[in-house]
Amino acid sequence: MTTYGSEVQINMVVWITSLNESEYGTTRYLLEDLEPYFKSKNVGFLEFQPKSADDLMVFFDVLAEKAEEGLRPIIHIDTHGSPNGLIVEPTGETASWEEIVEKFRILNTAAKNNVCMISMACFGFNQIMPVKIMSPTPFYLMAGSTEEVYVRFIREVTVDFYKHVFDECDIVGAYETYLRPQLRVLHCEKVLFTAMAGYVRAGTYGALGRQRVEDLITAAITTLPEGIEPDLKQMRKVAKDGIKPKQELLDRMAATFLVGKPVPYDIDAIIEQAKKMPDPYADGKRKRPSPLDHV
């Protein structure tokens with residue numbers, strides 16, 4: 001079984017609140033317990049209440065500057081949300097998930113992939129939609145919901161979650177114990193593993209893999225001088241070896257997406273997972289990519 005590490009540096013909790021006064025009671029209730037607890041653990045704490053969407057974006061820029069100096073935060077989102085983004089209470093503006101993810105990408109890169117987000121906003125898991133493995137991950141770990149998040153749940157689990165994080169030094173275990181299944185989780189190492197396995201399955205095995213081999217042979221034959229007979233057996237051997245996933249491919253993708261963090265699995269684990277996956281194009285609902293796109 002592939003395991004995903006939970007080694008992440010955290011030295012501050014940044015609590016972003018944007019609620020009206022009548023809703024702030026739950027936040028006050030939680031922080032009365034958590035603020036002295038964070039202090040006892042020598043964990044920094046900062047509460048921020050944005051006045052507008054622009055104010056929120058500027059604050060993320062400030063956090064990125066602090067990350068260059070050593071800030072390693074859990075960012076707790078204590079706001080309303082919609083399928084389109086976070087709602088900033090004073091103005092009613094919506095800060096789009098796309099804008100937020102881009103700010104987090106900059107922040108997480110500065111923090112060397114040590115930024116975690118716990119989003120208690122409704123639809124907070126929509127933030128994963130703009131996440132692409134060809135770019136640095138915006139989070140080491142992000143927990144959020146695909147639907148509404150209710151106050152009762154927030155009151156019941158939040159304090160225990162944070163105490164588990166810092167008592168046990170294990171944010172993944174804290175998520176599994178207190179936030180799942182109400183909140184879903186994005187763990188950057190698992191995202192990369194799943195995406196790479198899907199790529200290997202689609203481009204190396206089955207019909208597309210065979211087509212890639214034949215297209216490589218065809219391309220090679222066109223380069224032979226006139227009168228030279230192709231050694232099809234040798235060409236096929238070279239082509240099959242050429243499309244086989246290599247460790248350097250994983251290392252290259254990880255260097256970008258994981259922002260330099262080591263990967264807790266190798267290409268062989270990805271290949272084994274790919275072999276277990278169904279052909280994603282077998283049902284004919286999606287067009288197979290051109291084999292030469294992967295050459």
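Residues numbered from 1 in each chain as written. Predicted model: local features only at pLDDT ≥ 70, side-chain atom pairs only at ≥ 80, totals over all residues. Heavy atoms only, no water.

**Student:** Explain the overall build of the chain to me, please; I cannot follow it from the model alone.
**Tutor:** When helices and strands are counted, the chain shows ten helices and eight strands. Looking at the chain residue by residue over its 295 residues, the buried ones come to 46%. For the chain, the share of sequence-separated contacts (at least 6 apart) that also reach a separation of at least 24 residues comes to 75%. As presented, the chain carries roughly 15,300 Å² of accessible surface, and 52% of it is formed by carbon and sulfur atoms. (Helix = DSSP H or I, 4+ residues; strand = E, 2+ residues; numbered from the N terminus. Buried < 20%, exposed > 50% of the residue type's maximum accessible area, 1.4 Å probe, protein only. Contact = heavy atoms within 4.5 Å. Areas by Shrake-Rupley, 256 points an atom, 1.4 Å probe, with all protein chains shown as cover.)

**Student:** I tried to follow the pattern of salt bridges on my own but got confused; where do I start?
**Tutor:** Pairing is possible between side chains that carry opposite charge, provided their charged atoms lie close to one another. In total, this model carries eight salt bridges according to the counting rule given. As a salt-bridge pair, Asp61 and Lys103 come within 2.9 Å of each other at their nearest N and O atoms. With a gap of 42 residues between them, Asp61 in helix 2 (residues 53-68) and Lys103 in helix 3 (residues 97-110) connect regions that are remote in the sequence. Here Lys275 and Glu272 are joined by a salt bridge, their closest N and O atoms 3.5 Å apart. Of the two residues, Lys275 and Glu272 both sit in helix 10 (residues 267-276), three residues apart, roughly one turn of that helix. (Salt bridge = Lys/Arg side-chain N within 4 Å of Asp/Glu carboxyl O.)

**Student:** How do you make sense of the nonpolar core when you look at a structure like this?
**Tutor:** Soluble globular proteins tend to bury their nonpolar side chains together. With 51 residues, the main nonpolar core has Ile74, Tyr162, Phe166, Ile171, Leu179 and Leu192 as its most contacted residues. Counting residues per element, this core draws most heavily on helix 4 (residues 151-168), at eight residues. Excluding anything up to four places from it in sequence, Ile171 contacts Val8, Ile10, Ile74, Cys116, Leu141, Phe161 and Val165. Ala53, Ala64, Ala110 and Leu186 belong to the second-largest nonpolar core, a separate cluster that totals 31 residues. (Core = buried A, V, L, I, M, F, W, Y, C linked by side-chain atoms within 4.5 Å.)

**Student:** I would appreciate a short explanation of the state of the cysteines in the present structure.
**Tutor:** Defined simply, a disulfide is a covalent bond joining two cysteines at their sulfur atoms. For the structure shown, the criterion picks out zero disulfides. Cys188 supplies the cysteine sulfur nearest to Cys116, a cysteine that is in no disulfide, at a spacing of 8.7 Å. (Disulfide = S-S within 2.5 Å.)

**Student:** How should a negative patch on the surface be read in this particular structure?
**Tutor:** On the surface, Asp54, Glu93, Glu98 and Glu99 cluster together to form a negatively charged patch. For Asp54, the location among the structural elements is in helix 2. For Asp54, a relative accessible area of 57% translates into the label exposed. (Patch = residues over 30% accessible without salt bridge, like charges linked within 9 Å, V, L, I, M, F, W, Y side chains within 5 Å. Lys, Arg positive; Asp, Glu negative; His and termini not counted. Charge placed at Lys NZ, Arg CZ, Asp CG, Glu CD.)

**Student:** Help me out: how do you make sense of helix 10 in this one?
**Tutor:** What sets the pattern is the α-helix's 3.6 residues per turn: residues three or four places apart point alike. Residues of helix 10 that are buried include every one of Ile267, Ile270, Ile271 and Ala274, and no others. Angularly, the buried residues of helix 10 cover 100° about the axis, an arc narrow enough to put them on a single face. Contact partners of the buried residues in helix 10: helix 6 (188-204) and helix 9 (247-257). If you check the start of helix 10, you find a side-chain oxygen 3.2 Å away from the backbone N of Asp268, and it comes from Asp266. (Arc of directions from axis to C-beta. Polar contact = N/O pair within 3.5 Å; in protein donor to acceptor, adjacent residues only side chain to side chain.)

**Student:** Mind showing me how you'd approach the packing of helix 6 against helix 10 here?
**Tutor:** A pair of packed helices is characterised by two quantities: the angle between their axes and the separation of those axes. Contact geometry of helix 6 with helix 10 gives a least axis separation of 8 Å together with a crossing angle of 60°. Between helix 6 and helix 10, the angle is such that the two are oblique. The two elements helix 6 and helix 10 cross, and the hand of that crossing is right-handed. Residues Phe193, Met196, Ala197, Val200 and Arg201 of helix 6 form the contact with helix 10, whose participating residues are Ala269, Ile270, Gln273 and Ala274. (Axes fitted to C-alpha atoms, helices over the stretch in contact; angles between N-to-C directions. Parallel < 35°, antiparallel > 145°, perpendicular 65-115°, else oblique. Left-handed = near helix turned anticlockwise from the far one by under 90°.)

**Student:** Please explain the environment of Val263 as it appears in this structure.
**Tutor:** You can see Val263 is positioned in the loop between helix 9 and helix 10. Taking the relative accessible area as the measure of exposure, Val263 reaches 24% and is therefore partly exposed. Spatially, the C-alpha atoms of Val263 and Leu250 are 8.9 Å apart, while their sequence positions differ by 13 residues. When near neighbours in sequence (up to four residues on either side) are disregarded, Val263 contacts Ala254 and Leu258.

**Student:** Can you help me understand the environment of Ser40 in this one?
**Tutor:** Checked against the element boundaries, Ser40 lands in helix 1 (residues 24-40). Overall, Ser40 belongs to the exposed group, its relative accessible area being 55%. At a separation of 2.6 Å, a polar atom in the side chain of Ser40 contacts the main-chain carbonyl oxygen of Tyr37.

**Student:** Before we go on, may I ask you to explain the side chain of Thr26 in this structure?
**Tutor:** Tracing the backbone shows Thr26 in helix 1. Beyond its immediate stretch of four places on either side in the chain, Thr26 contacts Val151, Ile154 and Arg155.

**Student:** I tried to follow the pairing of strand 5 (residues 93-96) on my own but got confused; where do I start?
**Tutor:** Regular strands have side chains that alternate between both faces of the sheet. In terms of strand pairing, strand 4 (residues 85-88) meets strand 5 through four bridges, oriented antiparallel. Bridging from a neighbouring strand, Leu86 pairs with Ala95 of strand 5. In textbook terms, the turn of a hairpin is the stretch between consecutive antiparallel strands, and for strand 4 and strand 5 this stretch comprises four residues, one of which, Gly92, has a positive phi near 75°. (Pairing = 2+ DSSP bridges.)

**Student:** Would you mind showing me how to read helix 9 here?
**Tutor:** Taken together, the buried positions of helix 9 are Leu249, Leu250, Met253, Ala254 and Phe257. Looking down the long axis of helix 9, one finds its buried residues gathered within 125° of arc, a one-sided arrangement. In helix 9, the exposed positions that point more than 90 degrees away from the buried face belong to Glu248, Arg252 and Ala255. Summarising the contacts, the buried residues of helix 9 are in contact with helix 6 and helix 10. Two residues or fewer after helix 9 comes Val259, characterised by a positive phi angle close to 55°.

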